[in-house]
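Summary of the model geometry
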Amino acid sequence: MIKLPIEQSKIDEARDIARQIVNDMLWLFKDYSSSTIERTVARFFGIDGVNSLDVPLPNVVIDKIKEQNLLEDGFVFHFCNAAIHFELGAQELAEKIANEDIDFKHIPIADKEQIYKKAMQFAQWGINKINEQKKKREDLQSKYPNNNNPFIYVIVATGNIYEDVPQAKAAMQQGADIVAVIRSTAQSLLDYVPYGPTTEGFGGTYATQENFKIMRAGLDEIIPEQGRYLYLTNYASGLCMPEIAAMAAFERLDVLLNDALYGILFRDINPKRTLLDQYFSRMINAYAGILINTGEDNYLTTSDAIEKAHTVTASQLINEQFALITGLDKRLMGLGHAYEINPEIKNSFLYELSHALLARTIFPEAPLKYMPPTKHMDGNIFRTFMVNSMFNFAGKLSGQSIQLLGMLTEAIHTPFLQDRFLAIENAKYTMNAIEDLANQIEIKKDSFIVKRANQVLDETIELLKTVEKDGLFNALANGVFADIKRPEDKGKGLDGVFKKSENYLNPVLDYLKVKLNLQ
Amino acid sequence: MKEITAYGDKFNDGKIQFSFTLPIKCGPKAKEGASLLLQKMGFEEVQIVHMQDLHQDFTFFVAYAVTQTTINPDKIQVIEHGAPHWDRVEIDNIIETKWKKPIVVVGACIETDAHTVGIDAILNMKGYHGDYGLERYKFFEVYNMGAQVPSEEVAKKIREVNADVVLISQIVTQNNLHLKNLTKLVEVLEAEELRDKVLLICGGPRLSHKDALELGYDAGFGPGTVPSEVASFIVDRLILKGEK
């Protein structure tokens, strides 16, 4: 591996400031919760299905509690109290709540310990399901280890899960290691998770638990023949981060897009809501062994990739700290960055290599996710193909862990089957040709690559200092990241954020904290 | 001028390069099928130069073939917006001297599309390809609403800021979703009686000026458009021609 000669003390300084920024936010996780966090607990209880209007039952139940102005007590307190009173199981009670008008305030309150015991008993359903899937993954991975480095990551996006499956299998048989089923474009802004198998989406396929299951089964079918474990990805972002994380854990997805700041910046989701949701979702990921991918690449599609390179590094460090407080192992932190410098700039490759090596040097254990050129790509598919080769070269040389392949038809349409094949062939050729190159060369100490990396790190430290001084919420409101301003009291999903009352209970959160050795 | 056709390496040799996939198992039958498909399209001298198994009963082909179809360059008609191309200083001058107040522009990437790269390239200060965005101009007052904006919100914004110009971007599309989105916006603006009050412009990699006119827009800009081109069109149409 190529090492950049950068002073460790500077890296430590940057990391310390990021830690302080995140420590200043702990009050939020202690005192607040959100509607999707509550719905996640309902899903751990095994509550599933939809009502006559196709509203998922977890939404129906939490909405009914909210209508009676009881959301501050959380879902568990009133639900489990009612379960004791009516002597019903979780799903039966959820259906009763959907079909009848239950006045929670008039149900006698049972002993709080008894309520908690009931809740823990219900939550065991989800915990068992995750345990089974973890065991299954471990077994498959030990029988069929996947040692490819980097992992080749491609996307399918037909909108129809039954058409996605053969496309995904074909991509794996062509040599990919990770497949993501990109979501229907508007899904991140839905405050519920759609239900059942779906065959129509816009620019992608809806993330539903049934779709997860169908794709997982498809990939599992070809693991023995391929002789290596195949990874499945979806997106725990938007307004339902922890619910998607839970459903992904139940159906053995392996990778989830899961960024602490992405929803705030790029989907205008309320900052409090996003931070709360990512916190709980990451605990689920940490427990289930799901690798997360962060979305720093998006900064560079909005802002200039040279001028704003340091915002990527700063965000990676903040994402790392937000992940650490949820017990997520460093080996599950797929921090993101991208190859997005204008190809017309002289020595653009040196900048790219410098930035990629900087990420590798700062996060030696992280399975870094490297994103392909998109911003400067156009309808010249032959030029895009050429730039993608250089991107693959940079990824292999700088020791990235997950290479999300560029498509030659970027900026034209969602990939054709053949585009995906050509991208895999490009990556396989480029990487095979330089398999051992990184062990043969070193970067000169006084080279542009080293100087540039130092400059980015210096700018990162300056930026982090500003964020620490102003506080993360103020920094977001001032447009520090991606030139986008997001005030703390604006954005979507704020109405689902609430301060926890004294009655509030969340046995799933408590259980995960114990298992993940968190305070 | 005489009829012309595709140029490989000799005048009017009619050679065309293809790449495509068929949902068929890789093998001699697949190769013959690919050749047949091109012949049925009217191509001659079909050569399948590469065949690749994509698994799951898909096969990829690279092919060459010859066409006899020709076109007459003198009879080609192009629909263009016809506005001159001024630079930023000239445009600001025209607005300052003739319009005497800033032109109010609302921009959005609408409905299902989550990609702001197009609208940002035209509106953001930094611009595109060394050409500053409309925010950098003294006499444009810009409201960039970002991505996934519902058509109804665009209408609301037009009223709120009393917009003169509306820029709509559509980048990523599937099953011609961009056409549905663009049509929906026109319908919403018509229903709200706003369509005739604004200069309505769309842009995106799959759009041309001709497409835009057919969809009920005043202009359309395709890939590679720089902000000053759009600004020139706005000034030409709004101020010099006095049309909205």
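All values derive from a computational prediction rather than experimental measurement.

Moving on to the overall build of chain A. For chain A, the helix and strand inventory stands at 21 helices and eleven strands. In summary, chain A has a C-alpha radius of gyration of 23 Å against a globular reference of 24 Å for 519 residues, a match within 12%. Expressed as lengths along the three principal axes of its C-alpha atoms, the size of chain A is roughly 75 × 55 × 40 Å. In chain A, which comprises 519 residues, the share counted as buried stands at 56%.

A word on the overall build of chain B. In terms of helices and strands, chain B carries seven helices and eight strands. A compact globule built from 244 residues should have a C-alpha radius of gyration of about 18 Å, whereas chain B, at 23 Å, is more than 25% larger. Dimensions of chain B along its principal axes, counting C-alpha atoms only, are 70 × 45 × 35 Å. Counting over 244 residues, chain B shows a buried share of 38%. Long-range pairs, those at least 24 residues apart, make up 65% of the contacts in chain B between residues at least 6 apart in sequence.

As a further point, take the interface of chain B and chain A. It is common to report an interface's size as the accessible area lost on association of the parts. Contact with chain B, which involves 23 residues of that partner, is made by 25 residues of chain A. The set of elements that each furnish at least two residues to the side of chain B that touches chain A consists of β1 (15–22), β2 (44–55), β3 (58–66) and α3 (117–123) of chain B. Top contributing element to the side of chain B that touches chain A by residue count: β2(B), with three residues. Its residues assigned to classes, the side of chain B that touches chain A comprises nine nonpolar, eleven polar and three charged.

Attention shifts here to the sheet that holds strand β9 (residues 369–371) of chain A. Residue and element names in this part refer to chain A. Strand order across the open sheet formed by nine strands is β7-β6-β5-β4-β3-β2-β10-β9-β8, with parallel pairing between neighbours. If you trace the sheet from one side to the other, it starts and ends with β7 (333–334) and β8 (336–338), each paired once. As defined by bridge partners, strand β2 (residues 151–156) adjoins strand β10 (residues 402–404) across three bridges and the pair is classed as parallel. Residue pairing for β10: Phe151 is matched across the bridge by Ile402. Most of the contacts of helix α8 (residues 161–174) go to β2, to which it runs at about 160°, and overall it touches β2 and β3 (178–181).

Take the sheet that holds β1(B) next. Strands sit in the order β1-β3-β2 (chain B) across an open sheet of three strands; the sheet is antiparallel. Only two strands of the sheet have a single neighbouring strand rather than two, namely β1 and β2 of chain B. Each neighbouring strand pair of the sheet contributes to a mean axis angle of 15°, computed without reference to strand direction. Relative to β2(B), helix α17 (residues 417–433) of chain A is tilted by about 70°, and along the sheet it contacts β1, β2 and β3 of chain B. Helix α1 (residues 28–40) of chain B contacts β1, β2 and β3 of chain B of the sheet and is inclined by roughly 135° relative to β2(B).

Looking at the secondary structure, you find Asn432(A) in helix α17. For the pair Asn432(A) and Lys396(A), spaced 36 residues apart in sequence, the C-alpha separation works out to 9.2 Å.

Okay, helix α21 (residues 507–515) of chain A next. One turn of the α-helix equals 3.6 residues, which is why residues spaced by three or four share an orientation. Along α21(A), the residues classified as buried are Pro507(A), Val508(A), Leu509(A) and Leu512(A). Against α3 (35–44), α5 (74–86), α7 (112–143) and α12 (271–288) of chain A lie the buried residues of α21(A).

Before going further, it helps to examine the pairing of β3(A). Residues and elements named next belong to chain A. Here β3 shows a buried face lined by Ile178 and Ala180 and a second buried face lined by Val179 and Val181. Two strands pair when backbone bridges link them, and β2 and β3 are joined in this way by four bridges, in the parallel orientation. Looking at the pairing, Val154 lines up with Val179 of β3. In this structure, β3 lies alongside strand β4 (residues 231–235), joined through three bridges in parallel fashion. The residue of β4 that forms the bridge with Ile178 is Tyr231.

Moving on to α1(B). All names here are of chain B. Here α1 contains 13 residues, and its C-alpha end-to-end distance of 18 Å stays within 8% of the 18 Å for a straight helix at 1.5 Å per residue. On its buried face, α1 is in contact with β1, β2 and β3. Two residues or fewer past α1, Gly42 is found with a positive phi of approximately 100°.

Scoring rules and cut-offs
- Residues numbered from 1 in each chain as written.
- Chains lettered and ligands numbered in written order.
- Predicted model: local features only at pLDDT ≥ 70, side-chain atom pairs only at ≥ 80, totals over all residues.
- Helix = DSSP H or I, 4+ residues; strand = E, 2+ residues; numbered from the N terminus.
- Rg over C-alpha atoms; globule rule 2.2 N^0.38 Å.
- Buried ≥ 20, exposed ≤ 12 C-beta atoms within 10 Å, placed from the backbone.
- Contact = placed C-beta atoms within 7 Å.
- Nonpolar A, V, L, I, M, F, W, Y, C, P; charged D, E, K, R; others polar.
- Pairing = 2+ DSSP bridges.
- Axes fitted to C-alpha atoms, helices over the stretch in contact; angles between N-to-C directions.
- Expected span 1.5 Å × (residues − 1).

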